[in-house]
Amino acid sequence: MLIARSIAELRQHLAPCHRPAFVPTMGNLHAGHIQLIEHAKPQGDCTVASIFVNRLQFLPHEDFDSYPRTWEADCDKLQAAGCDVLFAPREIDLYPETQTVKVHADPALGDILEGEFRPGFFTGVSTVVMKLFMSVFAGKSQGVAVFGKKDYQQLLVIRQMVRQFALPIEVTGVNTCRAEDGLALSSRNGYLSASERTEALQLSLALRALGRDALAATHALAAQLPHLEAKAMEGLRQRGWQPDYLTVRRRHDLQAPQAGDALVVLGAAKLGTTRLIDNFEV
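This structure is a prediction, so every number in the text was calculated from the model and none was measured.

(A) Expanded view of the sheet that holds strand β5 (residues 143-148). Ordered in space as β1-β4-β3-β2-β5-β6, the six strands form an open sheet in which the pairing is parallel. In this open sheet, the two strands that pair with only one neighbour each are β1 (2-4) and β6 (169-174). Shown here is a sheet whose adjacent strand axes are inclined to one another by a mean of 25°, direction ignored. Here six bridges tie strand β2 (residues 20-25) to strand β3 (residues 46-51), and the two strands are oriented parallel to one another. Paired with Pro20 across the strands is Cys46, a residue of β3. Sheet strands touched by helix α3 (residues 71-81): β1, β3 and β4 (85-87). Its angle to β3, the strand with the most contacts, is close to 165°. Contacting β5 and β6, helix α8 (residues 152-164) runs over the sheet at an angle of about 170° to β6.

Right, dumping it as structure tokens:
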């Protein structure tokens, strides 16, 4: 596996490649990330991963400095999975000057849910992903970028960005990788104590129950939804969680659903000091 630190070095490594398949990450890799690499490999003639903890998408009170960094283990996992090129820039390599030009998501999509509770998050995500795309795909007529559906809203934001900027990139979403008990794998799961790890499954259980209730509501969904969502939120509060949202939305744009729409249930809640997210298409 080749390792590039600078954009110029990355482009040199990728010069022979006609269709890169790219998996961007922030490191601290788990089985879900490796699943993305394995999904990417047959879709391109060179499999590329990046590791970069992006300061722009963290709010001042969030865990940028303490975000787990596991470089040697990450490299071992990527190499074992068959990754061809790893782009691992330092902050000065990716942002050699203050990044004053930024990509802002459509407020209708980017300022709701995660964007409401983490203002500026999707500006940071969109900006770094655009910069990574320009680093990997510059001079290429086609390519593939692979993301996990666990970050469902992020996937929609990136797809919209790629579509509206006419980037020659196919954005692929891969189903969430879960532990045997159903907990969505996340780098932040490592923050959980043993008792919190057991309790953490309640978020996905609450979302599944909310999804079942939404499907049962059928034509009365719009009228019943506020009550169903409030009930789901209160159920988690009673268990000691601090939920930001548990909600049912239509899949393609995360707006309020109407009868007949394809649905997704999404949730974000803090357990102790750890904020977890999850979702299910229903």
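(B) Inspection of the packing of helix α7 (residues 121-137) against α8 at higher detail. Where α7 meets α8, the axes come as close as 10 Å, and the angle between the chain directions of the two elements is 55°. Between α7 and α8, the angle falls in the class oblique. The two elements α7 and α8 cross, and the hand of that crossing is right-handed. Residue-level inspection shows Phe121, Phe122, Val125, Ser126, Val129, Met130 and Phe133 of α7 in contact with α8, the latter providing Gln153, Gln154, Val157, Ile158, Met161 and Val162. Each residue belonging to the contact of α7 with α8 can be placed in one class, and the counts come to 10 nonpolar, three polar and no charged.

Rules behind the numbers
Residues numbered from 1 in each chain as written. Predicted model: local features only at pLDDT ≥ 70, side-chain atom pairs only at ≥ 80, totals over all residues. Heavy atoms only, no water. Pairing = 2+ DSSP bridges. Helix = DSSP H or I, 4+ residues; strand = E, 2+ residues; numbered from the N terminus. Axes fitted to C-alpha atoms, helices over the stretch in contact; angles between N-to-C directions. Contact = heavy atoms within 4.5 Å. Parallel < 35°, antiparallel > 145°, perpendicular 65-115°, else oblique. Left-handed = near helix turned anticlockwise from the far one by under 90°. Nonpolar A, V, L, I, M, F, W, Y, C, P; charged D, E, K, R; others polar.

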